[in-house]
Each structure stands twice: as structure tokens, then as C-alpha cells.
Amino acid sequence: MSAEGPAPGPTPSQTVGPFFGYALPFPQGGDLAPAGHPDTITVHGWVYDGAGQPVPDALIEVWQPAPDGSRHGAPGSLRRDPVTGAVLGRDGLAFTGFGRIATDADGHYAIRTLPPGGVPYLSLIVFARGLLHHLHTRVYLGDAEGDPLLGSLAPERRATLVATPEGGRVHRFDVRLQYDGVHEETVFLAFD
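Residues numbered from 1 in each chain as written. Predicted model: local features only at pLDDT ≥ 70, side-chain atom pairs only at ≥ 80, totals over all residues. Heavy atoms only, no water.

Brief notes about the overall build of the protein chain
Looking only at helices and strands, the protein chain features 2 helices and 11 strands. Of the regular secondary structure in the protein chain, the N- to C-terminal order runs β-β-β-β-β-β-β-β-α-α-β-β-β. Per-residue burial over the protein chain gives 40% buried out of 192 residues. Within the protein chain, contacts between residues at least 6 apart in sequence are counted, and of these 69% link residues at least 24 apart. As displayed, the protein chain offers around 10,500 Å² of accessible surface, 57% of which is attributable to carbon and sulfur atoms. (Helix = DSSP H or I, 4+ residues; strand = E, 2+ residues; numbered from the N terminus. Buried < 20%, exposed > 50% of the residue type's maximum accessible area, 1.4 Å probe, protein only. Contact = heavy atoms within 4.5 Å. Areas by Shrake-Rupley, 256 points an atom, 1.4 Å probe, with all protein chains shown as cover.)

Pasting the structure below:
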């Protein structure tokens, strides 16, 4: 303590979470595709910490263009009840290009979306305990030949950004927050 009083406390980005239990997750947060759309794909996986253990309290945000390549999306991801203010979730009809998914007790998440247009990837943002700042990464789906980011990486690092097809329209993408002695850390992007 100084003569002027106690030192100020840490700011939110200097504290360690989780902060995710209230107001951030919302119903149908991983359902970006309109209900019953025939082109729906599923991207799912687990979030792992540096010890190779699943992270049960991570939060994943997905941002992507619509299949036609437009990036404006549609309003409606975070609809609220006009009387109570409670989050209602999506209307199930519009594609918004945005989703927010909490991992379950086993560290698993699932996104049901439409293939992105104009780029071969989904953009992910990861929030998790122990992270002072959120992490940005990409999930590449299918052929990304000629992509500048993938082309700049060594093969073992590039593999951390490419989803594994599991048959049909399902892809697996695990997020590894650190190297665990066996698996490479997922490549995360810095924005200056």
C-alpha cells in the first residue's frame, strides 16, 4: 500500500477467468445454419490444455462469411425477450455468420453451419481459463491450395489448422492451447 492508498486492481484482461457462465453462451449458439438447410456442415472437436486434458469451461466464437461470400450476415444471433431481457437464441431461419459455443463437461464443442464462401476457412476465437487474452485461429475445410497463411507454415504447424473430414458433412477440429509433449499447439494468429 502506498501513501496515496491501495494500488488499483487488475483490469479484466489481467485476471484469469472463467467468466463464461452468465450471459455469454446462448441457446442454439452453435447452430449457424438455418434449421433443416440441406448444405449444413458440422465442425466439432475438443479444446485441450497443455497437459492434454479437455477444457470444460472454454468458449468458442465462430465468425464466417455466408456461402455467397457476403460478410454482413443477418441480425438475430442474440435475440432477447422484449419483456424479460432473457436471451432467446436464434430464430432458426437466418444465417448470421456468428456463433458462440461453450464447451461441455468433456471439453467438446459443435458448430452446425454452412460452407463459407470466398474463403476456405472459419475464423475461431477461443476464450479459456488461464488465458489473459483471447486467441484467434482458423479452421480450414477441404482444399485450401494456395492459401498464403497455410503456405507460410511448416507441414506440422499447417496440420494444426486443417479440419479432418469424418465422413459426410462432418469435420473434426481440435484446439490445443499448448504443446502437450505429443501434439503441436494450434497455430494462433496475432493482430497488431
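Focus: the pairing of strand 8 (residues 135–140)
It is a general feature of regular strands that their side chains alternate between the two faces of the sheet. For strand 8, a buried count of 5 out of 6 residues is recorded, marking the element as mostly surrounded by other parts of the structure. Note: strand 7 (residues 121–127) against strand 8, 6 bridges, orientation antiparallel. Note that in strand 8 the partner of Val-126 across the bridge is Leu-135. (Pairing = 2+ DSSP bridges.)

So, the packing of aromatic side chains
Scanning the entire structure with this criterion turns up 2 aromatic pairs. Aromatic side chains Tyr-121 and Tyr-140 sit 5.2 Å apart centroid to centroid with 55 degrees between the ring planes, which places their arrangement in the tilted category. Of this pair, Tyr-121 sits in strand 7 while Tyr-140 sits in strand 8, and the two are 19 residues apart along the sequence. Pair check on accessibility: Tyr-121 and Tyr-140 agree, each one buried. The ring of Tyr-121 carries the charged tip of Arg-138 above its face, separated from the ring centre by 4.0 Å. (Phe/Tyr/Trp six-rings, centres within 6.5 Å; stacked < 30°, edge-to-face > 60°. Lys NZ or Arg CZ within 6 Å of the ring centre and 35° of its normal.)

Thoughts on the pattern of salt bridges
Overall, the coordinates contain 6 salt bridges when judged by the stated rule. Ionic pairing is found between Glu-184 and Arg-157, a salt bridge with its closest N-O pair at 3.2 Å. One end of the pair, Glu-184, is in the segment after strand 11 (175–176); the other, Arg-157, is in helix 2 (residues 155–158), with 27 residues separating them in the sequence. On the basis of relative accessible area, Glu-184 is assigned to the partly exposed category, the value being 33%. (Salt bridge = Lys/Arg side-chain N within 4 Å of Asp/Glu carboxyl O.)

Considering the nonpolar core
One recurring pattern in soluble globular proteins: nonpolar side chains tend to sit buried together. In this structure, Val-43, Tyr-109 and Leu-177 are the most contacted members of the largest nonpolar core, which totals 27 residues. Only strand 1 (41–48), strand 2 (59–63), strand 6 (108–113), strand 7 and strand 8 provide two or more residues apiece to this core. When neighbours within four sequence positions are excluded, Tyr-109 is seen to be in contact with Val-43, His-44, Gly-45, Trp-46, Val-47, Ile-60, Ile-101, Thr-103, Leu-124 and Phe-173. Leu-149, Leu-150, Leu-161 and Val-187 belong to the second largest nonpolar core, which has 9 residues in total. (Core = buried A, V, L, I, M, F, W, Y, C linked by side-chain atoms within 4.5 Å.)

Concerning the side chain of Asp-174
Topologically, Asp-174 is positioned in the loop between strand 10 (170–172) and strand 11. A polar contact is formed between the side chain of Asp-174 and the backbone nitrogen of Trp-46, at a distance of 3.0 Å. Here the side chain of Asp-174 touches Arg-172 through a polar contact of 2.8 Å, side chain to side chain. In this structure, Asp-174 is in contact with Gly-45, Trp-46, Tyr-48 and Thr-186, ignoring residues within four places of it in sequence. (Polar contact = N/O pair within 3.5 Å; in protein donor to acceptor, adjacent residues only side chain to side chain.)

Comments concerning the sheet that holds strand 2
Read across the sheet, 4 strands follow the order 5-2-7-8 without closing on themselves; strand pairing throughout is antiparallel. Sheet topology places strand 5 (98–102) and strand 8 at the edges, where each strand pairs with a single neighbour. The average angle at which neighbouring strand axes cross in this sheet is 25 degrees, direction not considered. Alignment of strand 2 against strand 5, held across 5 bridges, turns out to be antiparallel. In the sheet register, Ile-60 faces strand 5, and the bridge partner there is Ile-101. (Axes fitted to C-alpha atoms, helices over the stretch in contact; angles between N-to-C directions.)

Considering the environment of Thr-103
Mapped onto the secondary structure, Thr-103 falls in the loop between strand 5 and strand 6. For the pair formed by Thr-103 and Pro-56, sequence separation is 47 residues and the distance between their alpha carbons is 5.6 Å. Setting aside chain neighbours within four positions, we find Thr-103 in contact with Val-47, Val-55, Pro-56, Asp-57, Ala-58, His-108 and Tyr-109. At a separation of 2.9 Å, a polar atom in the side chain of Thr-103 contacts the main-chain carbonyl oxygen of Val-55.

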